Amino acid sequence: MKVFVVGANGQIGKHLVDLLKDSPDHSVRAMVRKEEQSEHLKKNGIESAVVSLTGSVDEIANAAKGCDAIVFTAGSGGSTGADQTLLIDLDGAVKTIEAAENLGIDRFIMVSAFQANNRENWNEAIKPYYVAKHYADRALLQSDLNYTIIRPGCLVNEPGTGKVTAAEELERGSIAREDVARTILASLTDENTYKRSFDLISGDTAIAEALRKI
């Protein structure tokens, strides 16, 4: 499966691109915003495309042509304002969904936010981010795509353990970005994750087994 990774220069995206590059079952095309990011990837033998999520649906679609799946793990970042959150985390995600539909790329994995589906549990300090994630997820749910929505808890940069807890609703917790990337990789072809949405935090269960239990 050839996987188009949107947000490939992000912290989860970098882990995922490396996992896909080393996978015997998949290949990767990394979508980045800057030419220098693309050059760095090319030096490491990774195919890339330079596209902005503020561009058009057609630009995203042209970059994703020939791929079998799309993973959206882009984000505007914590230092930007609500305007960029709307443009990247919401509109950028919806444009990527539209691009997938236009190309006939059925498999789509969205990296969302913990309990983004449940307004009562949103973090008030970053509410615009939660609003963007909520409605981007809703657009995916209303599409005809074979989606998986992964809602990770508080993201940390500790080494991954390969063990998680996954369920439709969990108590708040944290998870290593590396383990989020591993969960994305495992979800790509795991039919139990098809048309499913779930929270994800660190736990005591191997990723493949945790996904079987959601």
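Structure: above.
Residues numbered from 1 in each chain as written. Predicted model: local features only at pLDDT ≥ 70, side-chain atom pairs only at ≥ 80, totals over all residues. Heavy atoms only, no water.

Caption draft 1: Structural context of the packing of helix H3 (residues 57-64) against helix H4 (residues 82-103). Running from amino to carboxyl end, H3 crosses H4 at an angle of 55°, the nearest separation of the two axes being 8 Å. Considering the angle they form, H3 stands oblique to H4. The element H3 and its partner H4 pack so that their crossing is right-handed. Across the interface between the two elements, Val 57, Ile 60, Ala 61 and Ala 64 from H3 touch Lys 95, Thr 96, Glu 98, Ala 99, Asn 102 and Leu 103 from H4. (Axes fitted to C-alpha atoms, helices over the stretch in contact; angles between N-to-C directions. Helix = DSSP H or I, 4+ residues; strand = E, 2+ residues; numbered from the N terminus. Parallel < 35°, antiparallel > 145°, perpendicular 65-115°, else oblique. Left-handed = near helix turned anticlockwise from the far one by under 90°. Contact = heavy atoms within 4.5 Å.)

Caption draft 2: Local environment of the sheet that holds strand S6 (residues 146-152). Pairing is mixed in the open sheet, where nine strands are placed in the order S3-S2-S1-S4-S5-S6-S10-S8-S11. Here the strands that pair on one side only, and so sit at the sheet edges, are strand S3 (47-50) and strand S11 (205-206). Across five bridges, the pairing between S6 and strand S10 (residues 196-202) is parallel. Residue pairing for S10: Ile 150 is matched across the bridge by Phe 198. (Pairing = 2+ DSSP bridges.)

Caption draft 3: Spatial organisation of the layout of surface pockets. Estimates place the volume of the largest pocket at around 1,200 Å³. Lining the largest pocket we find 44 residues, and of these Gly 75, Ser 76, Gly 77, Asp 89 and Tyr 129 sit closest to its centre. Those elements that place two or more of their residues in the lining of the largest pocket are helix H1 (11-22), strand S2 (27-32), H4, helix H5 (127-141) and strand S7 (154-156). If one sorts the elements of the lining of the largest pocket by residue count, H4 sits on top with five residues. Class assignment for the residues of the lining of the largest pocket results in 21 nonpolar, 18 polar and five charged. Computed from the structure, the second largest pocket encloses a volume of approximately 160 Å³. If one sorts the elements of the lining of the second largest pocket by residue count, H1 sits on top with four residues. (1 Å grid on protein atoms, 1.4 Å probe; cavity = no way out; pocket = protein on both sides within 12 Å on 5 of 7 lines; lining within 4 Å. Points joined across faces, edges and corners; volume = space filled by probe spheres on them. Nonpolar A, V, L, I, M, F, W, Y, C, P; charged D, E, K, R; others polar.)

Caption draft 4: Spatial organisation of the side chain of Asn 146. Here Asn 146 lies in strand S6. Given a relative accessible area of 10%, Asn 146 falls into the buried group. Setting aside residues up to four positions removed in sequence, Asn 146 forms contacts with Asp 106, Arg 107, Phe 108, Tyr 194 and Lys 195. (Buried < 20%, exposed > 50% of the residue type's maximum accessible area, 1.4 Å probe, protein only.)

Caption draft 5: Local environment of the pattern of salt bridges. Inspection of every chain in the model, using the stated rule, returns 10 salt bridges. Salt-bridge contacts for Glu 47 lead to Lys 2; the nearest nitrogen and oxygen are separated by 2.6 Å. Here Glu 47 is found in strand S3, whereas its partner Lys 2 is found in strand S1 (residues 2-6), with 45 residues between them in sequence. One salt bridge connects Glu 39 with Lys 42, and the closest N-O pair in it is separated by 3.9 Å. On the criterion of helical spacing, the pair formed by Glu 39 and Lys 42 is a turn pair, its members being three residues apart in helix H2 (residues 35-43). Look at Glu 39 and you get partly exposed, because its relative accessible area is 35%. (Salt bridge = Lys/Arg side-chain N within 4 Å of Asp/Glu carboxyl O.)

Caption draft 6: Representation of the pairing of S2 in the model. Along S2, five of the six residues are buried, which leaves the element largely enclosed by surrounding structure. With five bridges connecting them, S1 and S2 associate as parallel partners. Counterpart to Phe 4 in the pairing with S2 is Arg 29. Crossover connection from S1 via H1 to parallel S2: handedness right-handed. Sheet topology places S2 next to S3; four bridges connect them, and they run parallel. When the bridges of S3 are listed, Ala 30 appears paired with Ser 48. Taken together, S2, H2 and S3 form a β-α-β motif whose crossover is right-handed. (Right-handed = clockwise from strand over helix to strand, strands pointing away.)

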